[in-house]
Amino acid sequence: MEGKLPYYMVYPMPFIYDDERRDRRDYEYMRSLYPDAAKRVLPYVEEECDRCDVPGNVIYDEYPDRLQLRLMSSRIYDRVKAGERMFDETVRETEGKGVEGQQLRSSCQNWLRDLVEVMLYQELYKRRSENRRLRQKFY
């Protein structure tokens, strides 16, 4: 009897499987550090991903189709442009300034489109990895 340990001491690392909670907390913290423009775009990206988050959708293919992903990012971009005044005013400030204004206007639109696309890919990566983790079978 002297050599036996109580049950709770047999497994001294009870939180070894707490990685998911730690990863989630880290992910939420990093999202809180996003710049203001990215924080304003994030709900639009999440809404589009929620809409497409069904089993068998193109986002869960082994290699998602680039055209479908571009169409998703274009839908998000259009919603952001329609719903957020901040991004629309940036473009309006450049109107009527000739060739430089057109170049600046296109660069303003390009950075927003790029931001939406990068945020979409990051959100899809997160959802795909969570989906893979949930589908793992431990037997």
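The structure we're discussing is the one just above.
Here's a quick rundown of the structure. Remember, it's a predicted structure, so these values are computed and weren't measured experimentally.

### Some thoughts on the overall build of the protein
A tally of regular secondary structure across the protein gives six helices and zero strands. Reading the protein from its N end, one meets helices and strands in the order α-α-α-α-α-α. Every one of the 139 residues in the protein was classed for burial, and the buried ones make up 27%. Summarising the internal contacts of the protein: among those between residues at least 6 apart in sequence, 74% fall at separations of at least 24. Summed over all atoms, the accessible surface of the protein reaches about 10800 Å², with 54% contributed by carbon and sulfur.

### Observations concerning the packing of aromatic side chains
Here the structure, examined in full by the defined rule, presents zero aromatic pairs. Here Arg-113 stacks its cationic end above the ring of Tyr-77, 3.9 Å away from the centre of that ring.

### Section: the environment of Val-116
Along the chain, Val-116 falls in helix 6 (residues 98–135). Taking relative accessible area as the criterion, Val-116 reaches 1% and is therefore assigned buried. Note: C-alpha distance between Val-116 and Ser-73 (43 residues apart in sequence) is 6.2 Å. The contact partners of Val-116, leaving out residues within four places of it in the chain, are Val-41, Val-45, Ser-73, Ile-76 and Tyr-77.

### Comments concerning the pattern of salt bridges
All chains considered together, the criterion is met by 13 salt bridges. A salt bridge links Arg-75 to Glu-48, with the nearest nitrogen and oxygen atoms 2.7 Å apart. Of this pair, Arg-75 sits in helix 4 (residues 66–83) while Glu-48 sits in helix 3 (residues 36–52); the two residues are 27 residues apart in sequence, bridging distant segments of the chain. We note a salt bridge from Lys-126 to Glu-123, for which the minimum N-O separation is 3.6 Å. In this pair, Lys-126 and Glu-123 are both assigned in helix 6, three residues apart and thus about one turn of the helix distant. Relative accessible area serves as the criterion here: at 1%, Glu-123 is assigned to the buried category.

Criteria and thresholds
- Residues numbered from 1 in each chain as written.
- Predicted model: local features only at pLDDT ≥ 70, side-chain atom pairs only at ≥ 80, totals over all residues.
- Heavy atoms only, no water.
- Helix = DSSP H or I, 4+ residues; strand = E, 2+ residues; numbered from the N terminus.
- Buried < 20%, exposed > 50% of the residue type's maximum accessible area, 1.4 Å probe, protein only.
- Contact = heavy atoms within 4.5 Å.
- Areas by Shrake-Rupley, 256 points an atom, 1.4 Å probe, with all protein chains shown as cover.
- Phe/Tyr/Trp six-rings, centres within 6.5 Å; stacked < 30°, edge-to-face > 60°.
- Lys NZ or Arg CZ within 6 Å of the ring centre and 35° of its normal.
- Salt bridge = Lys/Arg side-chain N within 4 Å of Asp/Glu carboxyl O.

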